[in-house]
Amino acid sequence: MKSGQAAPGGSHPAPRVTIREVANAAGVSRSTASRALTGRGYVAPQVRDRVREVATRLGYVPDATARHLRQQASQSIGVLVSDLSNPFYAGLAAGISQQARKRQYTMMLADDGGSPEVEAEVAEAFVALRVAGVIVTPVSAHVSTYLARQRIPVVEVDRQFAAGVCDAVVVDNGSAARQLTTQLLDLGHRRIALVIDEMHWTTGRDRLAGYRAAFAASGVPLDDSLVVTAGWDVDAARIEAHKLLGRSEPPTAVFAANNVLAEGVWRAAAELALSIPEQLSLVSFDDVSWMSLVRPGVTAVAQDAVALGETAVSQLFERIQSPLAPVRTVLLSATVAARGSTAPPSGAR
C-alpha cells in the first residue's frame, strides 16, 4: 500500500515515505539518494535510475518545506495577475509557466482581481512561501517595493509602477496606439473616440498619449469629450458605448483601449444596428480570439502575451543569478493585425 492510502478497516493512513526508507530500499546512503532525486551532485547513472525507480514504487514525495528551509528559497516562482478570465492574462500566465517548467521551477499563480488589498495579501503569502522570485502585473507600487525590501527578485510585466526599483517587461503602448490612431486619421476620420478603462497606470497613460500624439502630428483638432472612461468589464463598457454612440454628434470611429472594452463597443453597435465598418469603424488594443472569429474581423494591436510572459521569466532568472546588476526595463514592440473593421467615414466615400 502506497503512502497516504487509507489502511483496511478504517485505520489511519500510513505515514509518508521518507528519503531514508528510499535509501535503505535502494541499498544506498541517504546522501546518495538525495543527490539522485534532486539532480544535484554526481551519482552513477545506474544508481540514480535505481533510486528513482524505488522512490516511484514506494510513493515517495519530497518534503518541499524542509528543502526550502535549508535553501532559504524554493524551486517556485510567484505569479500575480489581475484577471485570469481575461485571455491576455491567461496567455501571459501560460508563457510564464512554460518557461518556468523548462528551468524545473513550479509556478504559484494568483489573481488579485485588480485589488491593491488582495495584491498586498498575496505578496505577503509569497514571502512566507519563500518563492525564488515574483512576476506581477501590478495595480500599485506597493507590491514591488515591498518584495524588493524583502530581497525577493521581482519583475513587473505589462505595466510599470516601480521604475528604478525593479525590472520590468512592457509593451511599447504609446507607439502602437499612435500607429492605430494614425491609420484611422489617414482614412479620413476626424471624430475618433478613445474608450479607455484608466489613465493613471502606464498602460492607459501611454495609450492615451499615443492617441493624442497622432492627432497632434496630423494637425487635426482633438475633441476631449471623445475620450470616454468605460469601466472594467464588458457590460460597463457596453453601457458607456451606448451613450457615446447615441450622441447627437457621435464618433465615426472608436479606438477601444483593450479587448474587454472592444467587446462592449461591439455589442453596443450591434444593439444600435450600426454596421461595422460602414457606419462605424472599430479598432482595439489587445488582439484576442473572438476578434478574428466575428465578421468583419476587428483590427487590433497584437500583443504576444505568451512571449511577454516568457521574456519576464528570462529577466527574473537573470536577476536571481545577478542580484546586483543594474535594474532594467525591457520594451517589446507590438504589431497591428489589420482586418475588416475599418473604412473611410460614410460621408467621405
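Please read these numbers as outputs of a predicted model, since none were measured by experiment.

(A) Broad picture of the overall build of the protein. A count of helical and extended segments in the protein gives 13 helices and twelve strands. Taken over C-alpha atoms, the radius of gyration comes to 26 Å for the protein, far larger than the 20 Å a tight globule of 349 residues would show. Here the protein holds 349 residues, and 46% of them are scored as buried. Long-range pairs, those at least 24 residues apart, make up 65% of the contacts in the protein between residues at least 6 apart in sequence. Measuring between centres, the 34 positive side-chain charges of the protein sit 11 Å from its 33 negative side-chain charges.

(B) Structural detail: the sheet that holds strand β12 (residues 335–337). Pairing is mixed in the open sheet, where six strands are placed in the order β7-β6-β8-β9-β10-β12. One side of each edge strand has no neighbouring strand; the edge strands of this open sheet are β7 (227–229) and β12. Mean inter-strand twist for the sheet, computed between neighbouring axes without regard to direction, equals 20 degrees. With three bridges connecting them, strand β6 (residues 192–196) and β7 associate as parallel partners. Paired with Leu-194 across the bridge in β7 is Val-227. The strands touched by helix α10 (residues 234–245) are β6, β7 and β8 (253–256); relative to β7, the strand with the most contacts, the crossing angle is about 150 degrees. In the packing of helix α11 (residues 259–271) onto the sheet, contacts are made with β6, β8 and β9 (281–285), and the angle to β9 comes to roughly 160 degrees.

(C) Looking closely at the packing of helix α5 (residues 87–102) against helix α13 (residues 305–321). Contact geometry for α5 and α13: axes closest at 7 Å, N-to-C directions at 40 degrees. Considering their axes alone, α5 and α13 lie oblique with respect to each other. Of the two elements, α5 crosses α13, and the hand of that crossing is right-handed. Touching Phe-88, Gly-91, Leu-92, Gly-95, Ile-96, Gln-98, Gln-99 and Ala-100 of α5 are Ala-305, Val-306, Leu-308, Gly-309, Glu-310 and Val-313, all from α13.

(D) The pairing of strand β3 (residues 133–136), seen in detail. Burial along β3 is two-sided: Gly-133 and Ile-135 and Val-134 and Val-136, pointing in opposite directions, are all buried. Of the strand pairs in this sheet, strand β1 (residues 76–81) and β3 are connected by four bridges, and their pairing is parallel. Bridged to Ile-77 within β3 is Gly-133. Bridging between β3 and strand β4 (residues 154–157) involves three bridges; their strand directions are parallel. In the strand pairing of β4, Ile-135 is matched with Val-155. What joins β3 to β4 is helix α7 (residues 142–149), and the crossover it makes is right-handed.

Criteria and cut-off values
- Residues numbered from 1 in each chain as written.
- Predicted model: local features only at pLDDT ≥ 70, side-chain atom pairs only at ≥ 80, totals over all residues.
- Heavy atoms only, no water.
- Helix = DSSP H or I, 4+ residues; strand = E, 2+ residues; numbered from the N terminus.
- Rg over C-alpha atoms; globule rule 2.2 N^0.38 Å.
- Buried < 20%, exposed > 50% of the residue type's maximum accessible area, 1.4 Å probe, protein only.
- Contact = heavy atoms within 4.5 Å.
- Lys, Arg positive; Asp, Glu negative; His and termini not counted.
- Charge placed at Lys NZ, Arg CZ, Asp CG, Glu CD.
- Pairing = 2+ DSSP bridges.
- Axes fitted to C-alpha atoms, helices over the stretch in contact; angles between N-to-C directions.
- Parallel < 35°, antiparallel > 145°, perpendicular 65-115°, else oblique.
- Left-handed = near helix turned anticlockwise from the far one by under 90°.
- Right-handed = clockwise from strand over helix to strand, strands pointing away.

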